[in-house]
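# Inside the fold
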Amino acid sequence: VDENGEIKGGIAVFRDITEHKQAESVIANLAKFPSENPFPILRVSRDGILLYANKSSEALLQNWGVAVGDRIPTQYHNLIIEVLKNQSNISIEVECEGKVYLFIFVAVSEAGYVNLYAVDITERKQAAEMLRNQRQELQTIIDSSPTMIFYKDTGNRFLRINNALAKTMGLPKESLEGKSCFGIYPPAQAENYWKDDKEVMASGHPKLNIIETMETKEGIRWVQTDKIPYRDERGNIIGIIGFAIDITERKEMEDNIRKLNSLLISIRDINETLLKVKDEDELFKEICRLLVKMEFVKAVWIGQIEKGNAEVKPIAQKGFEEGFLTSIKIRLDDSSYKLDLVGMAVKTGESVNIWDIEGSSLSEPCKEEFLKRGFVSAMAVPLKHGEEVIGGIGIYSDRKYAFGDEEIEYLLEVANDIAVGVKSLRLENNLKQSVERLYKTFNGTIEAISLMGEVRDPYTAGHEKRVSQLACAIARETGFSDNRIEGIRISAFLHDIGKIVVPSEILSKPSQLN
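Okay, so let's go over this structure. (Residues numbered from 1 in each chain as written. Predicted model: local features only at pLDDT ≥ 70, side-chain atom pairs only at ≥ 80, totals over all residues. Heavy atoms only, no water.)

## A look at the environment of Ile 141
On the secondary structure map, Ile 141 appears in helix 4 (residues 122-144). A residue is classified by how much of its surface remains accessible, and Ile 141, at 59% relative accessible area, is exposed. Each C-alpha atom of the pair Ile 141 and Leu 50 lies 50 Å from the other, and the pair is 91 residues apart in sequence. (Helix = DSSP H or I, 4+ residues; strand = E, 2+ residues; numbered from the N terminus. Buried < 20%, exposed > 50% of the residue type's maximum accessible area, 1.4 Å probe, protein only.)

## A look at the sheet that holds strand 1 (residues 41-45)
Pairing is antiparallel in the open sheet, where 5 strands are placed in the order 2-1-5-4-3. Edge positions in the sheet fall to strand 2 (50-53) and strand 3 (90-96), since each of these pairs with one other strand and no more. Sheet twist, expressed as the mean angle between neighbouring strand axes with direction ignored, is 25°. The pairing of strand 3 with strand 4 (residues 99-108) spans 7 bridges and is classified as antiparallel. (Pairing = 2+ DSSP bridges. Axes fitted to C-alpha atoms, helices over the stretch in contact; angles between N-to-C directions.)

## Focus on the pattern of salt bridges
If you walk through the whole model with that rule in mind, you get 24 salt bridges. Between Asp 153 and Arg 157 there is a salt bridge; the shortest N-O distance is 3.1 Å. Accessibility expressed as a relative area gives 13% for Asp 153, which makes it buried. You can call Arg 157 partly exposed: its relative accessible area is 39%. A salt bridge links Asp 356 to Lys 400, with the nearest nitrogen and oxygen atoms 3.8 Å apart. With Asp 356 in the loop between strand 14 (352-354) and helix 11 (364-372) and Lys 400 in the loop between strand 16 (388-397) and helix 12 (405-456), this residue pair connects regions lying 44 residues apart in the sequence. Several salt bridges converge on common partners, so that one network encompasses Asp 255, Arg 258, Glu 295 and Arg 399. (Salt bridge = Lys/Arg side-chain N within 4 Å of Asp/Glu carboxyl O.)

## Section: helix 11
All of the buried residues along helix 11 are Cys 366, Lys 367 and Phe 370. Projected onto a plane normal to the axis of helix 11, the buried residues spread over an arc of 100° and lie on a single side. Set apart from the buried face of helix 11 by more than 90 degrees, the exposed residues are Glu 364, Pro 365, Glu 368 and Lys 372. Check the buried side of helix 11 and you find it contacts helix 10 (341-348) and strand 16. Among the residues trailing helix 11, Gly 374 stands out with phi positive, at a value near 85°. (Arc of directions from axis to C-beta. Contact = heavy atoms within 4.5 Å.)

Keep in mind these values describe shape, not function.
What follows is the structure, given as structure tokens:
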């Protein structure tokens, strides 16, 4: 424009506003962020008035029954006040029309309002619920198993156990999970468990069929355990998984079978001994030795009653120290016989069984003598033949309740066999002695008859004896049996027996007979 005001041309000034326009675009895009967000975004004032809500919030607002400009429900308003007061974010879960949202309350203190940002966590909640249900199902399956199941980490701590193990231990699961074996079991037992665990974790291979004991509130239990490596999703060993079954009843049955088998073997051996041994003292010693061979028997002694004597005399023992028998004094006429097992059995004619010596009614000195030798249970059985009691057997064990009904039945059978064997042996010895006496009498008679002939005919004195010796020598050389030789000896002695009835004048006639 000139001085006259006439436009002569134009002046243009250019300024680069690219960054400004880009910033405006970013701002515009950011401004659209809440509206474009697929999840609810809200802004609420300090007094609980809904200042803003994006389109994705419609279902939520409809569920709440509010619109922009209305006051939100009291429970959420209280959270707005708390967030502004504490200047800290709060997260809550809100359900709406089958969906679950995680709302984060973020305070904008300087402006006096709170922004609420929501995230749809429905799928995540469903996945978590499914995982929780699966874990619960797995735990239910584990807890329903009669097998004891447990997980342990590399630090020897129980991560999880099932009901079967908790029941066996007599403790709630919560008191076991998280604890080390060393805080639950005796040191030696825990060390054995830990040794197996370390072996499995170091080798990466299972260890199966471990037969071991487990200390519980109800006492010692026998278990068979399998242990396998516990691996994470990357295959790293993070502990062990164990499976254990209670085999106490099986072990007891096996022990019982083994015990009864040893009893049967002892009965067989004792019966064989009764047939072979002919000396009573040797018989009792051998019986004691055979009884102690049974795995649950630690010591045995046998006493017998002599006729006309009230004393039970010890005659054999096995398992006691030298001189023990000499210390035993049992008299059936002593009122204190109740203090002794064998004395009671002999006196009453019935077996006596003490399952637990320490808790029994035996006298303290008697208990002390038994316990210091390691005896914790004992029984005594009488040796009876018919109604006659000829002695008794005391049997001692280092196990409690060693003598059950079956053991007592077998030992009574043994005692009966022994009594019959002893009576038979005594009868045989008596018979043998009677035969020997009869034989001596018979020989005396033969010799007397022979002497009668010699008295009638002194000329041939000694003839019968010499004939007998010569005939027996010939018989032995010929190979005759002892019985036949004895018959020849007797016949030789008596071969001239007819001279007894021959008149003396004929036997002693000096001249030729007519």
